[in-house]
Structure formats: C-alpha cells, structure tokens
Amino acid sequence: MRESQKDFEPKIVGFLCNWCAYAGADLAGVSRIQYPPNIRVIRVMCSGRIDPAFILEALKNGADGVLVAGCHLPSDCHYLSGNFKALRRVTLLKRVLKDFGIEPERVRLEWVSASEGDKFAAVVRDMVEQIKKLGPNPLKVMEEKK
Amino acid sequence: MAEGKVGAVLVVGGGVAGIQAALDLADSGFKVYMVDQSPSIGGVMAQLDKTFPTNDCSMCILAPKLVAAGRHPNISLITNSEVLGLSGEAGNFEVKIRKRSRYINEEKCNGCGLCAQKCPVEAIDTYNKGLTDRSAVYVEFPQAVPLRFKIDREKCIGCRTCQEVCKANAVEYDQKDSEIVLNVGAIILAPGFEPFDARLKSEYGYGRYANVVTSIEFERILSASGPYGGIVLRPSDGEIPRKIAFIQCVGSRDAQLGNNYCSAACCMYSIKEAIIAKEHVPTKLDCTIFYMDIRAYGKEFDAYYKRAQEEYGIRFVRSRVASITEDPATGNLLVHYVGEDETPRIEEFDMVVLSTGMQSPKDVEKLAKTLGIKLNKYRFCETKTFTPLETSKPGVYVCGAFSSPKDIPESVAQASGAAAKAMAIIAPERGKLIAVKEYPAERDVSQEEPRIGVFICHCGINIGGIVRVPEVVEYAKKLPNVVYAEDNLYTCSDDTQKRIKEKIKEYNLNRVVVASCTPRTHEPLFRETVREAGLNPYLFEMANIRDQCSWVHMHEPDEATEKAKDLVRSVVAKARLLKPLKNPTVKVTPVGLVIGGGVSGMTAALELANQGFEVHLVEREKELGGHLRKIYYLLEGEDPQKHLERLVKAVMENRLIHVYLGAEVVEVSGFVGNFKSKIRLSSGEEKEVEHGVVIVATGAVEYKPKEYLYGEDPRVMTQHELEEKIAKGEFKAKKVVMIQCVGARNEERPNCARICCGQAIKNALKIKEQNPDADVYVLYKDVRSYGFKEEYYREAAAKGVIFINYSDERKPKVTNDGGKLKVAFYEPVLKQEVQLEPDYVILSAATIPNPDNKRIAEMLKVPLTKDGFFLEAHMKLRPVDFQTDGVFLCGMAHSPKFIDESISQACAAAARAATILSKKVLEMEGIVASVDEDLCSGCRICEFLCPYGAIEMKERDGKIVAHVIEALCKGCGVCGTACPTKAITLGHFTTEEILAQVRAVLQEMEVAAK
C-alpha cells in the first residue's frame, strides 16, 4: 500500500470558465509556467454552468480530485453572478460529499483571473500535492476491492 | 476616372499593419486593394519565431489574420507588385500598379508544390535569410497567402521541368509584367521597414565571420520552420552553441552611421531571443546581452526583463562593444568591450547575434516621390504629434514602422487608426463596392451517424517538440466515430484550411476536431472553415494541447503525450453529440458611448462622429481635456494647449457628439450592438442612453510620491508640477536634480511608466533653454528615449545635462540638512559617493492606473492587469479590443503613453467600433439556451436566475413554459445547471455533452493505471 501510495499520480478534472480561469490557464502556457501534468481541463462558458452532477460524475468515474475555477468574487464574472452560483453549489456539494465517504478536500473551488497564469499553475501544483497526501479516490479503491 | 468619392482603399504593404488596416476597412463596408512587393503577405512578423512579452508563437497568432485577409471577399491581394503612379485627390484617387510576372498563372496555381520539389536549382532562401537553399520556383513559407508559386528567373535555368510536372498547367515562362489602374478614395501606407545592413558596421565582422548573425537570422534559426528545424545551431559547423552574445544598437543610436534614432523594439526582441534560445537548447546555454540602456518601456515589458534576469539567468552587460574578431581555428568570436568597471575586456563566445535596427525600405524615396509625400530626415514618413497617422498629402495615411520604428501592437493600433481616418473621408460610400460573402448551403447531418475528422497540429515545434503528435494521430484514428485523422505542421495555415475542406468532402465528415492551441483565439477561424465546407460551424470542437499541455509540461514528453490523447478523446466524445446551432441576428444601435473626455476620448468620439455615428461622451471632470490640460509644451515643439483648444471646440461644436461633463457612467447593461447605460449627470439626475459600442478612455493619474521628501519639502516636486511652474514663468534655478523611476520599476509596480524619461529630457531642455548656465542632473536607471526621442536625449547631453546612472541597490538619498536640500548618490564612473545641493529636486513620478478602473472594469465585465491597467484581448494583435465584444480601449487606460500614441489608439478604437456600428444587423454567437417544452414544468427557477432577463414565461397548449429571448441570452448556462427537469440547456455545452467529456477523459486514464 505504502509503495503504491508513493507512485500514486492523482487524476484531476478541471472545470474552467472560458473568460477567467481558462484564459488564466492559457496564460500559464504562453508564459511557459510549468506544472504537473495531472489535470485534464473541460471548458465551460461560466462557472455557473458547472452542475454538481458533473463533479459527481467525475468522482464516480475515478477522478481523484476536481477543480472548479471561475472569475474572482464579487464582480469579475463575465455573466455578472455565475461565480456566486458556483460558490453556493460547490459549498453545498462538499457538505454532501462527506456522507458519500469522499473527502470534501477532493473538490476545490478557486478564483483565477485571466492575468493569473502563475496562480493557476500554483493551484494545480498545490492540489496535486494535497491529493497525493489524501491518496486515491475511495470510490475507486472500493471498486478495486470488489 | 469615376466621379465623386470612391468606397475603396488602397493599402500599400501586406505586413501585420497592412493586414489589420485592410481587415478593419473590409469589415466595415469598404473594398480594399492590398499591394505588396513580395509574392505573399505577412511581412516581417511571418519570419519571427516568438513575440514578447507573452512568448506567443508569431506565426500562430498571425496565421488567422493571413487566412482572414486571404479569404475576405472584399480584399483583393495584389502581390509581387508596386505602385507606379498616383493622380486625383483625397476621396478619389487613381493609382497605377505594376504587377510583376510570377511566370506562374495565379488563377491556375493551387499551391501543391510539386514544381518546387522537382526543380533542380538551389537558390537562396530569402525567407530564411539565406541560411538555407530553396528551388528557383518557390513560395516564401508554407503558410504563405496567397499560396501561389513564383519562379525566380535569375536562378531559373529554363529546364522546363516545372512546366512538365505541373498538373494545373500554371507555368507560363513567357508571362509579362502587367499594369493595372485602380480607383480608390484613400490610401494607407504600411510598407514597414527593413533591417539595418549589418555589413556596414564592419568592426562586428558580419558577412566575414560565419557565426555572427543578425537578429532576424536568429529568429529564423529559432523557428521550427527555419533552417535547422528550431534547433539552435552555429552556421559554421552545425554545433550547438554554449555561449551566445547579443549586441544591441547595431545601426541604431549610432552617430557615425547617421542612424541617430533608437529602433524601439530591439531590446525586447533580444531579451526574447535569449529566453527562447535557452528554452530551445537542451544543454546549458549562457546568454549575454551587451546594451547601452535596456528600453523595456512597454506594457508589462519590465516584468519580462526581470524574469529574463531572475528566472532565465540571462546576463546583462552595460557596454558598447568595440569590435569582434574571430578565432579562425574554432570559429569562436572574441568580443572586445569596456567593462562596467571601465577596464577593457575580451570575452569568447560561440556565436554572436547583432540586434540590427530598423530603417525605411530601400526604395522608399521612389514611393514617396510617386505619392507626393514628405519623408523626415531619417527617411521615415513625416508625421506630427497630433496627426500621427497623416502624411503630408491629404487622403494618404500611414501606419506601422514606416512612420517611426515600433513594435507589433503599436503598428496594429496605428493600422486600425489609419483605417478610421480613411473611413472618415469616404464614409458616405460605405457598402457600395462590396460583395457579401456567400456560403454553400448547409448540409443536413441530423440523420447521419457522426463521422469525425481529427486534425492535430505540430505548431512547428511548439506542440510537436514535446507531444509525440504522430502517436496521438494513430490513437485518434481508433476512437469511436473517428473516420479520419492527420497531423499538420500548422493546422491554422491557409493550405490546411483548404485541406480540411477537402477532407470533409472526401470522407463525408460531419464533425471536425482540431487539437492545437486555444479555442479562445483560433475557434473562429476553424468554424469559418467548416462553414465554407457546408457544415454548420458548431459541428466543430477544439482540444487545447499547446497552451494547456505542451507548453506547461515541457520536460515531460511522455505525460504530455498521454494528456494530449486524453484531451483529444474527451473532445471527440463531445463532438459525437454536437448539434448544429443557428446564429441569431440582432439590430445594431449605431451610437457610441465614450467614457473619458481626455485627448483619447475626444479623439475617439470625433473619429466616430466623422463617420456619421452619434456619440455620447462622458467626462467625470467639469471640463474636457484630462491629462493634456497639464501639458504645456512638447519635445517636438508643437503647442499642446492650442491643440487642446481646437480639439475641445471641434467636439463641442459637433452635432453628433453629446458631451456630459461632471458626469459618470453608473450602469451598463445589454450586449454588443445593443447596450443600455445610465449616466449620472452633474445635476444628480440619471439619463439612460442606448448605444452599440463602448470605448473606455479613462486615462491614468500621476503617482503622488511618498519618497524623497515629497510633500514635506516644497523644493521637491514632480515633473508635471515643474512643467506648470516653467510654463507660468515661476521657475528659476541654478541647480536641479531629477530622479527617474519614482513609483515605477520597483517591488510594488514592476513596470516602466514609459513617458517619464521623455518628460525629464523635455523639462531639462526647457530649463537649459531659459538658463543655459543652470546645472541639470538626471539620475536614471535606463534612459528610455525610444524612437526619434533619442535625438532629444542626445541634444540634452550636448547642452550639458548630466545623466548619471543609479541602481536599485544604491538609490539616491534626498535630505533636508538644516534647511539645505541635499541629494547623495553613487557616481559609477568616479566610483564614489557624490553629494549635491540643488535648488530643486524633481521627481519623475510614474503614471499609474486611474483608481476608478476597478469600478469600470466590474461594470463592463472586462479584466485588469495585475498593475491595474485595462487588459486588452490580446497584447500583440488586439491592442484596443476587449475579449468582450463591442467594448474597446484606448489611451492611458491601456498603459502610459505619449500623446501621439494615445491619438493613434483612439483612432484605432473608433475603427474597431465602426466594424460593428456600420452593420445594420449583427450575427451573434449561436451558443444560447434552448428549452424542451415537453420537459419544462414551468417552475420559473431559470427565469429567476437568468442575470440578463433572457427568459420569459409563455403559454403553450394550456401550459406555462419557459422561453428564451435569444438576443438577450449570453450563453452562460446557469439556467441549465439549475433546471430540476433538465428541460433548459445551453447549446454546445449541453449536460450530455459535458458528461460525455467527463466520462471520456477519465475512462482511459483508469485503463492506463491498471
């Protein structure tokens, strides 16, 4: 177990809003800021589009972590208030996750602006570290035990 | 000649500036003829590897513009041609053009390239600056627009092999030069520049020593499409260099050679080349830049300079290199220079890059004579501070490096600005000479199984150097519903667009996936391509395997390749479910709203009004003028107050401009073409206005220093305060010390404030003019008198102004010693501390963002930079646009700048705005919400949540259901997320599509883990 824990490379799914977080992730690219290759990004127009069902689907399908990133509070959101909606939904979802036996820390909500390439990279780095400590998604581990 | 005005414009020069001017004109209803001497358009930018300060790949950001210009129905490309004669006047010119023969029929050639493959001749490849060979029949570069070959008759041996192999029968050996006559209303000159001929600087050995190359040659060496495939090699022996020297100001700031001006872009491109070289060379590479002043004066440039030093370890040596000699045994170069400690040194390098300056194209006198325009003493086009886009001949405008050396974003802004100028004189002719683009009928694919084509881009070596692209192609071929996959050197190039269209036909594709860069910049290009092939543009999807993969995992090729596969798989899964969408159209309110009544805002308002559009101009202060009110004289000699007076009068008297003084815009709602805003008037009342665009021109403010006793001792003041005193005749002094970079280039504000060096030189010269015996000291970090301003730096130094360099470690100290004002600083030449007792200390206080920017940014939903200036859509190619459609930017709200630069940007914002205001209806983004009325329970949650009021409830068959007002829907998708019955969803981002992406992206990962 220890050994596998050490080699464990978490799989993270990122839902990024088009205008801030996705642009920030692009900026990390043009600035050549390096971060671990554990994240797979799915672009949505607004963080307010991110349905808790998407996050659950990712966890159900074996993601070890899910990043939701949008425009800074209170008023950077390109669609006025989608970020607040994301905040509410993710906060509630994290409460429910505990009941499913999933550590709420696996789901992370961050605000990344279009000029914060360095922040996006730092968030991914930090998240990979954190999830390495948590270990693999318990749903996946259960599945494997079966 | 035709009577009256003509709704067409001639653009001379097909570089990035010419292209931008042509696109803006063509997009707002004018016919454009673009003439270029070379066989294809693209100019110097097409030869560059990367661009600063974002390290964007030059070809990648330029290619969509090349393609857009090439395929635009209202732009005629007349390449391999030159202007022979001009008659007529502004509004109605007749231009004679000579079309030189290509010896290949342009109509017949399809750019297949078979002729070049078979050509037995090895000629010199000018695109690669003579570093490689090409055949006598050639295109300049693979992404060339138009992709038509040309025979170099000087090299051609007449063997007729090409004629034999050409399947299109396009080769015509006996083709003759021809002349054509065009009738146009205005002319825009954008002939660009040519690099200084480094051979003239013979002490540097260029042309004699193989390993001394010019900066443009080094760009080619860095480029994946260059002579060595992007691997940095020495020309003499193909070895990888370990130590490269960059030598600045070759052919610039050089009295001996007569090029006294600064070429304005070389410091930054050398820093960029050094950074990119270090990224390209796998082993350890030392880069040293020999410079006089590092002129990193542009937006975010200093942060880049800092990164070069701190992150990349690039060494900067302040020294003018005396000479270079070669060690014939090794081909290494010995650089002779005087070190910062004043001792002569010789240092050995494997390779030397000469940062060659910009000069006007060689036959520019002929062009000037033909057109009747004046050149300045440096052979650049003569312009004035307040009319930076106008030549000496009415109706003939100028943009880009032809008016002064400048970098890409300024050239682009000037190009749009020149377009605005041209639009104004032929405004009534708008729309009369243009053709509407026709698309083939859209194929109905609803009954077809998904047939997906996947195109994977190498992006030169940007992707292909890290991700194993062919492996990803093979992988993509095995994915469900993928019937075709291929890789491309550049998927965005014109020939690949043609290829994609061919493959759609050949394989009957009904979905297309491109894996390349970011959809934020390139999606529109590919959507257009699939549309031209008869597919709905929304049957297209992109995987971002560059910005979010190869560029951020440069040292993990295996992981990056796996990630690219995952991303492609995820996007293919989405593509399977894609549905065609319709672009709704909306009416445009042909009115502009300009926020800010300084020189930028007023200019933008006037330019819009000159084109016949109504404008609301809102200024917070009680009078118009902004920053310009505080400028009393200029380096170049014009009277700014007189101009201000004229400008204010023109604005106040213009019947199309409504001026609101002491007023503020407090609310903006709506969307491109249809904004509704509230203006709080000076009376406290609110007025609602409707408009189609917004131009942000809120300016900037002077930093109030906290350092150097400012505010404590009245003898310490800012440059603006000094200027006012001088102008009012209240300034008398025998000794003055100026301190540069106050509140700039520090921890808090890392970037340069651009204009303070010019201000200091201007005020120093004024003090000297009034009292030649006065001592003026300028304590500086780098003197950034870029472009023609260098001349005044030279003049100040000649008149005895003393410039002394200081460093961050040893900042000057200002004290009040018993009533005596004292400045202590370290003198680097004398190598000792010096103390002066000046009458005044003048602080060159930075220009900092308007504190109101944050509120305005939030109101308009546009971003700010870390520094607090507005962040444009793209630093290089969209300098006055925001990512949000219909909102534009100009002047110091963008970043600090001189008056002529603000005016250029203001004109540019007006031209960009005109591309919207000139349309009666605008085609909107098709990504909007839609309702499945059978599923809708009428709960009204979506109606309540929608931030735009885009949902109304309607009765359908006795049931209340939600209905989307498409013109109001902005496509955020919040409704779809909240809908309890999943009746409402966002097109192109449906729940099914996103869930499919989630499953697909994780699926294989697990398999791989087992």
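Everything numeric in this text was worked out from a predicted model, so none of it was measured.

Chemist: An account of the overall build of chain B is requested, with residue identities and associated values reported.
Modeler: Within chain B, the secondary structure is distributed over 24 helices and 52 strands. Principal-axis analysis of the C-alpha atoms places the extent of chain B at approximately 90 × 80 × 75 Å. Within chain B, buried positions represent 63% of all 1010 residues. Residue pairs at least 24 apart in sequence account for 71% of intrachain contacts in chain B once pairs closer than 6 positions are excluded.

Chemist: Explain the overall build of chain A residue by residue, including any values.
Modeler: Of regular secondary structure, chain A possesses 6 helices and 4 strands. Radius of gyration (C-alpha) of chain A: 15 Å, near the 15 Å computed for a compact globule of 146 residues. Taken over the C-alpha atoms alone, chain A extends approximately 45 × 35 × 20 Å along its principal axes. Split into buried and exposed, the 146 residues of chain A put 62% on the buried side. When the accessible area of chain A is evaluated, it comes to approximately 5700 Å², of which 56% is carbon and sulfur surface. Charged side chains in chain A number 23 positive and 18 negative. The centres of these two groups are separated by 3 Å.

Chemist: Lay out the interface of chain B and chain A with the relevant residues and their values.
Modeler: Contacts between the two partners involve 60 residues from chain B, matched on the other side by 52 residues from chain A. Across the chain B to chain A interface the summed buried area is about 4900 Å²; carbon plus sulfur atoms make up 59%. Viewed at the interface, chain A and chain B are joined by 7 salt bridges. As a salt-bridge pair, Arg-43 of chain A and Glu-523 of chain B come within 3.3 Å of each other at their nearest N and O atoms. Summed over the shared surface of chain B and chain A, the number is 24 residue pairs in polar contact (both at pLDDT 80 or more). Secondary-structure elements contributing two or more residues to the side of chain B that touches chain A are helix 12 (519–532), helix 13 (546–550), helix 14 (557–577), helix 23 (974–978), strand 52 (984–986) and helix 24 (991–1009) of chain B. For the side of chain B that touches chain A, a count of residues per class yields 21 nonpolar, 20 polar and 19 charged.

Chemist: Go over a nonpolar patch on the surface, please, and point to the residues and values.
Modeler: Residues Leu-56, Val-96 and Phe-100 of chain A make up a contiguous nonpolar surface patch of about 240 Å² in total accessible area. If you trace the backbone, Val-96 of chain A turns up in helix 4 (residues 82–99).

Chemist: Before we move on, can you summarise the nonpolar core with the specific residues and values?
Modeler: With 144 residues, the main nonpolar core has Leu-25, Ile-188 and Val-454 of chain B as its most contacted residues. Ranked by residue count, the leading element in this core is helix 21 (residues 899–917) of chain B, at 11 residues. Those residues in contact with Leu-25 of chain B, other than ones at most four positions away along the chain, are Val-9, Val-11, Phe-30, Val-32, Ile-188, Ala-419, Ala-422 and Met-423 of chain B. Among the nonpolar cores identified, the runner-up in size contains 78 residues, and Ile-50 and Val-66 of chain A together with Ile-927 and Ile-951 of chain B belong to it.

Chemist: Break down the pattern of salt bridges for me, with residues and values.
Modeler: All names here are of chain B. This structure, assessed with the given rule, holds 94 salt bridges over all chains. Residue Arg-71 is joined to Glu-532 by a salt bridge in which the shortest nitrogen-to-oxygen separation is 3.2 Å. One end of the pair, Arg-71, is in helix 2 (residues 58–71); the other, Glu-532, is in helix 12, and 461 residues separate them in sequence. Here the residues in one salt-bridge network are Arg-253, Asp-293, Arg-295, Asp-302, Arg-318, Arg-745, Asp-782, Arg-784 and Glu-790, joined through shared partners.

Chemist: An account of the environment of Met-892 of chain B is needed here, citing residue identities and associated values.
Modeler: Residue and element names in this part refer to chain B. On the secondary structure map, Met-892 appears in the loop between strand 47 (887–889) and helix 21. With a relative accessible area of 8%, Met-892 lands in the buried category. For the pair Met-892 and Ile-408, spaced 484 residues apart in the sequence, the C-alpha separation amounts to 18 Å. Setting aside anything within four residues of it in sequence, one finds Met-892 in contact with Ser-600, His-627, Gly-699, Ala-700, Ile-755, Thr-847, Phe-869, Lys-897 and Ser-902.

Chemist: Summarise the side chain of Ser-252 of chain B; cite the residues concerned and give the values.
Modeler: Residues and elements named next belong to chain B. Structurally, the position occupied by Ser-252 is in the loop between strand 16 (243–250) and helix 6 (266–280). Residue Ser-252 is classed as buried on the basis of its relative accessible area of 2%. With residues near it in sequence (within four places) discarded, Ser-252 still touches Asn-259, Tyr-261, Cys-262, Ser-263, Arg-320 and Gly-357.

Chemist: Tell me what's going on with helix 19 (residues 790–798) of chain B, and back it up with residues and numbers.
Modeler: All names here are of chain B. Looking only at helix 19, the buried set comprises Glu-790, Tyr-792, Tyr-793 and Ala-796. Along helix 19, the residues classed as buried sweep out an arc of 160° about the axis, all on the same side. Along its buried surface, helix 19 packs onto helix 18 (756–770) and strand 41 (802–805). Backbone geometry just after helix 19 places Gly-800 at a positive phi near 100°.

Chemist: How would you explain the side chain of Arg-569 of chain B if you had to name every residue and give the values?
Modeler: Here Arg-569 of chain B shows up in helix 14. A relative accessible area of 5% places Arg-569 of chain B in the buried class.

Procedures and definitions
Residues numbered from 1 in each chain as written. Chains lettered and ligands numbered in written order. Predicted model: local features only at pLDDT ≥ 70, side-chain atom pairs only at ≥ 80, totals over all residues. Heavy atoms only, no water. Helix = DSSP H or I, 4+ residues; strand = E, 2+ residues; numbered from the N terminus. Buried < 20%, exposed > 50% of the residue type's maximum accessible area, 1.4 Å probe, protein only. Contact = heavy atoms within 4.5 Å. Rg over C-alpha atoms; globule rule 2.2 N^0.38 Å. Areas by Shrake-Rupley, 256 points an atom, 1.4 Å probe, with all protein chains shown as cover. Lys, Arg positive; Asp, Glu negative; His and termini not counted. Charge placed at Lys NZ, Arg CZ, Asp CG, Glu CD. Buried area = accessible area lost by both parts, 1.4 Å probe. Salt bridge = Lys/Arg side-chain N within 4 Å of Asp/Glu carboxyl O. Polar contact = N/O pair within 3.5 Å; in protein donor to acceptor, adjacent residues only side chain to side chain. Nonpolar A, V, L, I, M, F, W, Y, C, P; charged D, E, K, R; others polar. Patch = residues over 30% accessible without salt bridge, like charges linked within 9 Å, V, L, I, M, F, W, Y side chains within 5 Å. Core = buried A, V, L, I, M, F, W, Y, C linked by side-chain atoms within 4.5 Å. Arc of directions from axis to C-beta.

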